[in-house]
Amino acid sequence: MQEIIGVKFKTVGKVYFFDSNGIEVQKGKNVIVETARGIELGEVAVANRKISEDKLVAPLKKTIRIATVEDEKVYAENARKAEEALKVCEKKVAEHGLDMKLVDVEYTFDGSKLLFYFTSDGRVDFRELVKELAAIYRTRIELRQIGVRDEVKMLGGYGMCGRELCCCNHLSDLNPVSIKMAKEQGLSLNPSKISGMCGRLMCCLKHEHEVYEEKLSRLPSVGALVSTPDGKGVVEDVEVLKEIVKVKIETKDETQRKNYPLAEIKILKDNKKRDDYIENFNELKGLEEGFKRTDDII
């Protein structure tokens, strides 16, 4: 067993484990830790606890100390200097005519590295830009190209639901989202309805996916032959969350349509695939091609 603490470096960021190094800290406190890119200040997200070593990626970096008032001042000063560096770099990008959009800038805590985050539709030759920035700031310069989902996560915003974006509020990792999730939830496949501010499929499609997947595994598909208390019939529609099945029952005298709870029906024949819920398969493929991106798995 090894005693660790969990630290995050962004308000909504991934939590990294560090060797506590015998230091007792509370959740919410700031600490100075050793990272792969140098000394950093982060917020404790997981207080001291012991974890089996086979669940950890060894060796863990160490916690150096609890952040002091001076450390907080250094962190704030770095943030101020980073804002100034952003303006300088934007000017240099314009001078060089580079096809890139600067998103964020940050100094490492010890000032040994200055990182610029940017988006671009393609590869950018920024070697001359790096040389100029290094001459100005006399420190190591690193430019990192990020995706549009990461850009929105950094900048923040509100979704069509009126609430803060999931990626800015509680999602520490940007999980893959697929068209299949929208299909299984019976949502409109209009891109404007299922796209987030980043232009990619909305992250919230993932939230209920497991529930829909489990319920659909037990529900009959449209067109299935089922037995009901009123006789045999064909499924015309399904309300997934309520587990209600709409069945058309034909007799010699009449045709009736009635809703039944899943518990009251028995599936006799169901050979159709889930993709048959979509009437126009070619149109669906076109939508999928439109959504294909490196950070969205179709």
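Parameters at a glance
- Residues numbered from 1 in each chain as written.
- Predicted model: local features only at pLDDT ≥ 70, side-chain atom pairs only at ≥ 80, totals over all residues.
- Heavy atoms only, no water.
- Helix = DSSP H or I, 4+ residues; strand = E, 2+ residues; numbered from the N terminus.
- Buried < 20%, exposed > 50% of the residue type's maximum accessible area, 1.4 Å probe, protein only.
- Contact = heavy atoms within 4.5 Å.
- Areas by Shrake-Rupley, 256 points an atom, 1.4 Å probe, with all protein chains shown as cover.
- Disulfide = S-S within 2.5 Å.
- Pairing = 2+ DSSP bridges.
- Core = buried A, V, L, I, M, F, W, Y, C linked by side-chain atoms within 4.5 Å.
- Salt bridge = Lys/Arg side-chain N within 4 Å of Asp/Glu carboxyl O.
- Patch = residues over 30% accessible without salt bridge, like charges linked within 9 Å, V, L, I, M, F, W, Y side chains within 5 Å.
- Axes fitted to C-alpha atoms, helices over the stretch in contact; angles between N-to-C directions.
- Left-handed = near helix turned anticlockwise from the far one by under 90°.
- Nonpolar A, V, L, I, M, F, W, Y, C, P; charged D, E, K, R; others polar.

### Considerations on the overall build of the chain
Point 1. Each helix and strand in the chain was counted, giving 8 helices and 13 strands.
Point 2. Over its C-alpha atoms, taken along the principal directions, the chain stretches across nearly 90 × 55 × 35 Å.
Point 3. Across the 298 residues of the chain, 38% fall into the buried class.
Point 4. Restricting the contact set of the chain to residue pairs at least 6 apart, pairs at least 24 apart contribute 60%.
Point 5. Surface summary for the chain: the accessible area is close to 18000 Å², and the carbon and sulfur share equals 48%.

### Focus: the state of the cysteines
Point 1. Under the definition given, this model contains 0 disulfides.
Point 2. Cys 161 carries a free sulfur, and the closest cysteine sulfur to it, the one in Cys 166, is 6.6 Å from it.

### Describing the pairing of strand E11 (residues 244-250)
Point 1. Because side chains alternate across E11, one face comprises the buried residues Val 245, Val 247 and Ile 249, and the other comprises Ile 244, Lys 246, Lys 248 and Glu 250, none of which is buried.
Point 2. Bridge count between strand E10 (residues 231-239) and E11: 5 bridges; the pairing is antiparallel. The residue of E11 that forms the bridge with Val 235 is Val 247.
Point 3. Bridge analysis of E11 against strand E12 (residues 255-261) gives 7 bridges, and the strand direction is antiparallel.

### A look at the nonpolar core
Point 1. Core analysis: the largest hydrophobic core is formed by 18 residues, its most contacted members being Met 100, Leu 114, Phe 116, Leu 129, Leu 133 and Leu 143.
Point 2. If you list the elements that add at least two residues to this core, you get helix H1 (69-96), strand E6 (101-107), strand E7 (113-119), helix H2 (127-137) and strand E8 (140-145).
Point 3. With 4 residues, H1 is the largest single contributor of residues to this core.
Point 4. Among residues more than four places away in sequence, those in contact with Leu 129 are Cys 89, Lys 92, Val 93, His 96, Leu 98, Met 100 and Leu 143.

### Considering the pattern of salt bridges
Point 1. Evaluated as defined, the whole model comprises 23 salt bridges.
Point 2. For Arg 80, the salt bridge is made with Glu 84, and the minimal N-O distance between the two is 2.6 Å. Here Arg 80 pairs with Glu 84, and both are found in helix H1, just 4 residues apart, close to one helical turn.
Point 3. Here Lys 180 makes a salt bridge to Glu 184, at a shortest N to O gap of 4.0 Å. Here Lys 180 and its partner Glu 184 are both found in helix H5 (residues 179-184), 4 residues apart, which amounts to about one turn of the helix.
Point 4. Exposure remark for Lys 180: the relative accessible area of 41% places this residue in the partly exposed category.
Point 5. Each of the salt bridges in this network shares a partner with another, and the network as a whole consists of Lys 10, Arg 37, Glu 40 and Glu 106.

### Description of a nonpolar patch on the surface
Point 1. Residues Leu 225, Val 234 and Leu 268 make up a contiguous nonpolar surface patch of about 200 Å² in total accessible area.
Point 2. Considering the arrangement of structural elements, one finds Leu 225 in strand E9 (residues 225-228).
Point 3. Accessibility expressed as a relative area gives 32% for Leu 225, which makes it partly exposed.

### Examining helix H3 (residues 148-155)
Note on helix geometry: an α-helix contains 3.6 residues per turn, so any two residues three or four positions apart are oriented the same way.
Point 1. Among the residues of H3, those classed as buried are Arg 149, Glu 151, Val 152 and Lys 153.
Point 2. Elements in contact with the buried residues of H3: E6, E7 and helix H4 (166-169).
Point 3. Where H3 terminates, the next one or two residues include Gly 156, which has phi positive at roughly 85°.

### A word on the sheet that holds E12
Point 1. Spatial ordering of the open sheet is given by E12-E11-E10-E9-E13, a layout of 5 strands whose pairing is antiparallel. On the outer flanks of this sheet lie E12 and strand E13 (266-269), each paired with one strand and no other. Across the sheet, the mean angle separating the axes of adjacent strands is 40° when strand polarity is ignored.

### Focus: the packing of H1 against H2
Point 1. It is at 11 Å that the axes of H1 and H2 come closest, and there the two elements cross at 145°. Crossing hand, H1 versus H2: right-handed. Contacts between H1 and H2 involve Glu 84, Ala 85, Val 88, Cys 89, Lys 92, Val 93 and His 96 from the former and Glu 128, Leu 129, Glu 132, Leu 133, Ile 136 and Tyr 137 from the latter.
Point 2. Looking at side-chain class alone, the contact of H1 with H2 contains 8 nonpolar, 1 polar and 4 charged residues.

### Concerning unusual backbone geometry
Point 1. In the Ramachandran plot, Arg 138 falls in the positive-phi region, its phi being about 50° despite a non-glycine side chain.
Point 2. Inspection of the secondary structure assignment puts Arg 138 in the loop between H2 and E8.
Point 3. For Arg 138, a relative accessible area of 73% corresponds to the exposed category.
Point 4. Here the phi dihedral of Glu 243 falls at roughly 55°; this positive angle occurs in a residue that is not glycine.
Point 5. Tracing the backbone through its elements, the reader meets Glu 243 in the loop between E10 and E11.
Point 6. Accessibility expressed as a relative area gives 17% for Glu 243, which makes it buried.

### Here's the deal with the environment of Ile 141
Point 1. Among the structural elements, Ile 141 can be located in strand E8.
Point 2. As for Ile 141 and Leu 60, which are separated by 81 residues in sequence, their C-alpha atoms are 26 Å apart.
Point 3. Apart from the residues lying within four places of it in its own chain, the contact partners of Ile 141 are Leu 114, Phe 116, Val 130, Leu 133 and Ala 134.

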